[in-house]
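Each chain, letter by letter, is given below.
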Amino acid sequence: MLCLSATLFFASCSNRTVTRIDPSETPDISGSWNNTDSRLTADEMIRQSLSEKWLTNHLTEKGKKPVVIVGLVTNKSHEHIEAETFMNDLERSFITTDKVGLVQSGKKREELRAEKADMQTNASASTLKKFGLEKGADYILQGSINSIVDAYKKKKTVTYQINLELTNIETNEVVWIGEKKIAKYVKN
Amino acid sequence: MKLILLSVFCFSAMAMQAQTQLAPDQNPNYLISQNKYMQAKDSLQGNMNATIQQTYKAYDWYEAKLERKQNRIQNRNERRLYNNYQDYNYYNSGFNNYGYNNYYGNYRYGNRNGYNNFWSLRPSIGYRTGNWWFWF
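Remember, predicted model here, so these are calculated numbers, not experimental data.

1. Comments concerning the overall build of chain A
Within chain A, the regular secondary structure consists of 5 helices and 5 strands. Listing each helix as α and each strand as β along chain A from the N terminus yields α-α-α-β-α-β-α-β-β-β. When the 188 residues of chain A are sorted by exposure, 35% land in the buried category. For chain A, the proportion of contacts with a sequence separation of at least 24, taken over those separated by at least 6, is 66%. Of the roughly 12200 Å² that chain A leaves accessible, carbon and sulfur atoms contribute 53%.

2. As for the environment of A:Gly31
Residues and elements named next belong to chain A. Structurally, Gly31 is set in the loop between helix H1 (2-12) and helix H2 (35-51). Under the relative-accessibility criterion, Gly31 is labelled buried at 16%. Sequence separation of Gly31 and Thr157 is 126 residues, and the distance between their C-alpha atoms is 9.6 Å. Those residues within four positions of Gly31 in sequence are excluded, and the remaining contacts are Tyr160, Lys184 and Val186.

3. Overview of helix H5 (residues 106-122) of chain A
Residue and element names in this part refer to chain A. End to end, H5 covers 25 Å across 17 residues, agreeing with the expected 24 Å (1.5 Å per residue, within 8%). Every buried residue of H5 is accounted for by Gly106, Arg109, Lys116 and Met119. The buried residues of H5 occupy an angular sector of 125° when projected down its axis, which confines them to one face. Exposed side of H5, more than 90 degrees from the buried face: Lys107, Glu111, Thr121 and Asn122 are the residues found there. Looking at the buried residues of H5, the elements they touch are strand E1 (67-76).

4. Some words on the side chain of A:Thr41
Positionally, A:Thr41 belongs in helix H2. Discounting chain neighbours no more than four positions away, the residues touching A:Thr41 are A:Trp33, A:Phe86, A:Ile162, A:Lys180 and A:Ile182.

5. Topic: the interface of chain A and chain B
Taken together, the contact pairs 33 residues of chain A with 19 residues of chain B. With both chains or domains summed, chain A and chain B bury close to 2200 Å², and 53% of this area falls on carbon and sulfur atoms. When the area that chain A buries against chain B is broken down by residue, the three leading residues are A:Leu72, A:Asn75 and A:Lys153, summing to 18%. Seen at the junction of chain A and chain B, the total is 2 salt bridges.

6. What about unusual backbone geometry?
All names here are of chain A. The backbone of Lys153 sits at a positive phi, close to 50°, despite the residue not being glycine. Here Lys153 lies in the loop between strand E3 (139-152) and strand E4 (155-168). By relative accessible area, which is 42% here, Lys153 ends up partly exposed. Residue Asn172 is not a glycine yet carries a positive backbone phi of 65°. As for its placement among the helices and strands, Asn172 is situated in the loop between E4 and strand E5 (174-187).

7. A closer look at the packing of aromatic side chains
Counting across every chain of the model gives 4 aromatic pairs over all chains. When the centroid spacing of 6.2 Å and the interplanar angle of 55° are considered together, the rings of A:Tyr152 and B:Trp61 count as tilted. Here B:Trp61 lies in helix H3 (residues 61-91) and A:Tyr152 lies in strand E3, a pairing that spans two chains. A relative accessible area of 54% places A:Tyr152 in the exposed class. Grouping aromatic residues by their ring pairs yields a cluster made of A:Trp33, A:Phe86 and A:Tyr160. Lying over the aromatic face of A:Phe131, A:Lys116 brings its terminal NZ or CZ to 5.5 Å of the ring centre.

8. Quick word on the nonpolar core
A:Trp54, A:Val68, A:Phe86, A:Met87 and A:Leu141 are the most contacted members of the largest nonpolar core, which has 26 residues in total. Going through the elements one at a time, H2, helix H3 (53-62), E1, helix H4 (84-97), E3, E4 and E5 of chain A are the ones with two or more residues in this core. Tallying contributions element by element places E4(A) first for this core, with 5 residues. Not counting residues within four places of it along the chain, the set of residues in contact with A:Met87 comprises A:Val70, A:Val73, A:Leu141 and A:Leu164. Judged by nonpolar contacts, the second largest core, of 5 residues, contains A:Val67, A:Ile69, A:Ile140 and B:Met48.

9. A look at the pattern of salt bridges
If the charged atoms of two oppositely charged side chains come close together, the side chains can form a pair. Taken as a whole and assessed by the stated rule, the structure comprises 9 salt bridges over all chains. Ionic pairing is found between A:Lys156 and B:Glu63, a salt bridge with its closest N-O pair at 3.8 Å. One end of the pair, A:Lys156, is in strand E4; the other, B:Glu63, is in helix H3, on a second chain. Here the residues in one salt-bridge network are A:Arg113, A:Lys116 and A:Glu134, joined through shared partners.

Definitions and limits used
Residues numbered from 1 in each chain as written. Chains lettered and ligands numbered in written order. Predicted model: local features only at pLDDT ≥ 70, side-chain atom pairs only at ≥ 80, totals over all residues. Heavy atoms only, no water. Helix = DSSP H or I, 4+ residues; strand = E, 2+ residues; numbered from the N terminus. Buried < 20%, exposed > 50% of the residue type's maximum accessible area, 1.4 Å probe, protein only. Contact = heavy atoms within 4.5 Å. Areas by Shrake-Rupley, 256 points an atom, 1.4 Å probe, with all protein chains shown as cover. Expected span 1.5 Å × (residues − 1). Arc of directions from axis to C-beta. Buried area = accessible area lost by both parts, 1.4 Å probe. Salt bridge = Lys/Arg side-chain N within 4 Å of Asp/Glu carboxyl O. Phe/Tyr/Trp six-rings, centres within 6.5 Å; stacked < 30°, edge-to-face > 60°. Lys NZ or Arg CZ within 6 Å of the ring centre and 35° of its normal. Core = buried A, V, L, I, M, F, W, Y, C linked by side-chain atoms within 4.5 Å.

And the structure:
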């Protein structure tokens, strides 16, 4: 009984340590999707989207930078993956490079319109923002995440395939498909 | 009468104008689709800039093994709890044949019906049972 009490006491006294690490060097712990995968995906998508010819084609045809709206990303993998992490990196690169224009979408756009509606009755006339002056997007960015799992006994391979597609809103023409594959070998 | 004629004329003029405003190579029936999607746009745009989770459960031999083990432990615990509950009810009901309550509570080797079964042969004290109350 004494041993049991001592064990319980020392178990309850075990202290947890937390160490700050570089986000770019997140170690693999469980083998699941993690920050490193998100970063690798974002880097590859940024590189592909800003270097491929859809951009020059648009500039040649229209004479101005394309405007993109972000649509839906469907996660059809075996894990919960939030695409917003790498999508935000991609959106940020559009703005920082100034090669692609970006317009707000989804819930944030709804909030903007609600704010604009509120202004119609509350803001001063000189600061009032008008409806009907939003910039229309040329392309919509949509994506999907898929995975393939092969496991036997304590060995497992997981392959993630992330695809992003850029489609011309007026013509439905797909002008760019970005792809990133990540394969992992996990041994328990 | 003049008002009706004027209205008909106005509608005809608007229809003619809509026809003439077609972009090059535009489908003349585009308004059918446009009206359809104008009504549904709010519900269709609700998930924009979001991730839809349509995940599946992948079969993992090792994880399935761990899950089976966990289920076995859980089932065993539930069975033990149920048996303890039954014993408690029996010994405290006043209808047992021993004449005193809870005497065999921790050291029983048979069930209340007088014959042994597999689970009742197992000790009810120790690490596997989670019961450390030796003195009761």
